[in-house]
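Close look at the chain arrangement
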Amino acid sequence: MTRPDTEPMTAIEDIEEQVALVDAALRPLANRLVDTSDPDWADKMRQRPAPMDEAGVRAEAESALRALLAVYAQGDEALRVSVRGLFSRYTSFRWAAHLPVEPTPEGFRQRLLHMSAVDHGNDTRDELLSLRDLCADARTAGIDIRPILTEVAELSSRENKCGMGSMRDILLGAA
């Protein structure tokens, strides 16, 4: 994917190429109409494979997401802004690409980094509910969530996009 001798912006450009390909594969699924007049629509949705599997891009999506999160965690603010921009532009990727749940401190950290990079997503209310569940699951797994929330909050945007606080403030509030 990226060469060790690449500059950070070149690395993110390489990752963006992979994200764009995955996004294009996922777009038909993300934009698929759902017939909510069908009384069985919800059951039919649950029976479908995960979008990454249905599109046949799980490995590519997870690889791109891991690379983005590594750049996000290790980069400076300009790189983090670039990563947030990718999630903003490639909405089908944002919708479908997720890492497997790992009930470990590093798994919790990765999911928080993902949430931070998505930066409110489509709806801050959904992000708040996801954060609540994520923290509850981490506590149940015996993870000390406070230092990880604080660490990721410091990497997060300070922009209050929707009047519900910045992602930084939201994560600090959960800590």
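Residues numbered from 1 in each chain as written. Predicted model: local features only at pLDDT ≥ 70, side-chain atom pairs only at ≥ 80, totals over all residues. Heavy atoms only, no water.

1. A look at the overall build of the protein chain
A tally of helices and strands in the protein chain yields 10 helices and 0 strands. Scanning the protein chain from its N terminus toward the C terminus, one meets helices and strands in the order α-α-α-α-α-α-α-α-α-α. In terms of overall dimensions, the protein chain is globule-like: its C-alpha atoms have a radius of gyration of 17 Å, near the 16 Å expected for 175 residues. By the burial criterion, 41% of the 175 residues in the protein chain qualify as buried. Put simply, of all contacts in the protein chain between residues at least 6 apart along the chain, 67% involve residues at least 24 apart. Carbon and sulfur atoms form 51% of the exposed surface of the protein chain, whose accessible area is close to 9,600 Å². Counting 21 positive and 30 negative side-chain charges, the protein chain places the averaged centre of each group 4 Å from the other. (Helix = DSSP H or I, 4+ residues; strand = E, 2+ residues; numbered from the N terminus. Rg over C-alpha atoms; globule rule 2.2 N^0.38 Å. Buried < 20%, exposed > 50% of the residue type's maximum accessible area, 1.4 Å probe, protein only. Contact = heavy atoms within 4.5 Å. Areas by Shrake-Rupley, 256 points an atom, 1.4 Å probe, with all protein chains shown as cover. Lys, Arg positive; Asp, Glu negative; His and termini not counted. Charge placed at Lys NZ, Arg CZ, Asp CG, Glu CD.)

2. A short note on the side chain of Ser 166
Residue placement: Ser 166 occurs in the loop between helix 9 (145-155) and helix 10 (167-174). Here Ser 166 is in contact with His 120, Ser 157, Arg 158, Glu 159 and Asn 160, once residues within four sequence places are set aside.

3. As for the nonpolar core
Ranked by internal contacts, the top residues of the largest apolar core, which has 44 residues, are Phe 93, Phe 108 and Leu 112. Where this core is concerned, the elements lending two or more residues are helix 1 (8-30), helix 4 (58-74), helix 5 (77-89), helix 6 (91-96), helix 7 (105-118), helix 8 (124-140), helix 9 and helix 10. In terms of residue count, the dominant contributor to this core is helix 4 (8 residues). Ignoring any residue separated from it by four or fewer positions in sequence, one finds Phe 93 in contact with Val 19, Val 22, Asp 23, Leu 26, Ala 61, Ala 64, Leu 65, Leu 68 and Phe 87. (Core = buried A, V, L, I, M, F, W, Y, C linked by side-chain atoms within 4.5 Å.)

4. What about helix 9?
For helix 9, every residue scored as buried is listed here: Ile 145, Ile 148, Leu 149, Val 152, Ala 153 and Leu 155. One side of helix 9 holds all its buried residues, which, seen down the axis, span an arc of 155 degrees. Turning to helix 9, the residues buried within the fold contact helix 4, helix 5, helix 7, helix 8 and helix 10. (Arc of directions from axis to C-beta.)

5. Things to note about unusual backbone geometry
Its identity is not glycine, yet Asp 119 carries a phi of approximately 50 degrees, on the positive side. As for its placement among the helices and strands, Asp 119 is situated in the loop between helix 7 and helix 8. Accessibility expressed as a relative area gives 4% for Asp 119, which makes it buried.

6. Considerations on the packing of helix 7 against helix 9
Where helix 7 contacts helix 9, the two axes come as close as 10 Å, and the packing angle between them is 30 degrees. Overall, the two elements helix 7 and helix 9 adopt an arrangement that is roughly parallel. The crossing of helix 7 and helix 9 is right-handed. Of helix 9, the residues touching helix 7 (which contributes Pro 105, Phe 108, Arg 109, Leu 112, Leu 113 and Ser 116) are Ile 145, Ile 148, Leu 149, Glu 151, Val 152 and Leu 155. Here the contact of helix 7 with helix 9 is built from residues that sort into 9 nonpolar, 1 polar and 2 charged. (Axes fitted to C-alpha atoms, helices over the stretch in contact; angles between N-to-C directions. Parallel < 35°, antiparallel > 145°, perpendicular 65-115°, else oblique. Left-handed = near helix turned anticlockwise from the far one by under 90°. Nonpolar A, V, L, I, M, F, W, Y, C, P; charged D, E, K, R; others polar.)

Remember that the coordinates give geometry; whether it matters functionally is a separate question.
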